[in-house]
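Understanding the architecture of this molecule
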Amino acid sequence: MNSEHPDPELANYRPVNGWAVAALLLGVASPIAFADPLLWWVPPLGVLAAVIAMLRIGQSDMPMVGRKGAIIGLALSVSMSAAAPVHYFTHQYWLIARAEELAQKWFDDLQAGRSRQAYDLMLHATSHHIAPPHEGPRAAAEDAEKTPLQAFLERPAVAALLALGDHAHPVPVQTQIIPAERGRQSINLWYRVASPSGPSLRPLVVQIDTQRLVESDGQERWLIQSVWQVP
């Protein structure tokens, strides 16, 4: 009896497992998870496809091609599943730390009587086309008759902090990171400033909006966009 395959060209044929191809493609695409947390589903999907591929290949009655591709896709997807969230949260922590460092320097300058240095940390102090934020319809007219520094020092939040002086002890209570847009990253901070007059008085709450500017040459600057006294 002739045991040879009727078609010699098909004797060594092994089908390619589709799940293995999907796992490899998803593994190669998994670094896209670094772009946005909404894309964190890509690496886990690659892990799932790789596991299914290896199970299908192992349970198949005929030899199949794709185990190596599935393993490569699995390795890529697993590494990106861990690396993307770690990178994201590390970057978030770094942004908040830099913003709080800038805000603390601003507080320190006011407490030490270095009003000009505190003002120089403001965005409108370094850009002539950006005016200080107004807090009412009368503020714009009144500010026109004052120097920018005078208008800054008379803002309710700034005046309240100057009045407290060394007694002001700002404590961060909340942060908000705004998605970056056109080289600008905003981080908003809220501080509770303890009053030296006793716990019965309502503490001062200050909102400081910081901004990270990335220049065309890659250099970055950190400035305070606005300061508000929260009602």
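In this report, we go over the structure that sits alongside the text. (Residues numbered from 1 in each chain as written. Predicted model: local features only at pLDDT ≥ 70, side-chain atom pairs only at ≥ 80, totals over all residues. Heavy atoms only, no water.)

Looking at the overall build of the chain
- Along the backbone of the chain there are 7 helices and 4 strands.
- Listing every helix and strand of the chain by position from the N terminus yields α-α-α-α-α-α-α-β-β-β-β.
- Taken over 231 residues, the chain has a buried fraction of 33%.
- Taking the intrachain contacts of the chain between residues at least 6 apart in sequence as the baseline, contacts between residues at least 24 apart amount to 55%.
- Looking at the chain as shown, the accessible area adds up to about 14200 Å², and 60% of this sits on carbon and sulfur atoms. (Helix = DSSP H or I, 4+ residues; strand = E, 2+ residues; numbered from the N terminus. Buried < 20%, exposed > 50% of the residue type's maximum accessible area, 1.4 Å probe, protein only. Contact = heavy atoms within 4.5 Å. Areas by Shrake-Rupley, 256 points an atom, 1.4 Å probe, with all protein chains shown as cover.)

Quick notes on the layout of surface pockets
- A volume near 350 Å³ is recorded for the largest pocket.
- Lining the largest pocket are 18 residues, and of these P37, Y88, H91, Q92 and Q185 lie nearest its centre.
- Broken down by secondary-structure element, the contributors of at least two residues to the lining of the largest pocket are α3 (67–111) and β1 (169–181).
- Examining the composition of the lining of the largest pocket, we find that 6 residues originate from one element, α3, more than from any other.
- Here the residues of the lining of the largest pocket are counted per class, giving 12 nonpolar, 4 polar and 2 charged. (1 Å grid on protein atoms, 1.4 Å probe; cavity = no way out; pocket = protein on both sides within 12 Å on 5 of 7 lines; lining within 4 Å. Points joined across faces, edges and corners; volume = space filled by probe spheres on them. Nonpolar A, V, L, I, M, F, W, Y, C, P; charged D, E, K, R; others polar.)

Section: a nonpolar patch on the surface
- A surface patch of nonpolar side chains, about 330 Å² in accessible area, is lined by V16, V21, L25 and V65.
- With respect to the helices and strands, L25 occurs in helix α1 (residues 18–29). (Patch = residues over 30% accessible without salt bridge, like charges linked within 9 Å, V, L, I, M, F, W, Y side chains within 5 Å. Salt bridge = Lys/Arg side-chain N within 4 Å of Asp/Glu carboxyl O.)

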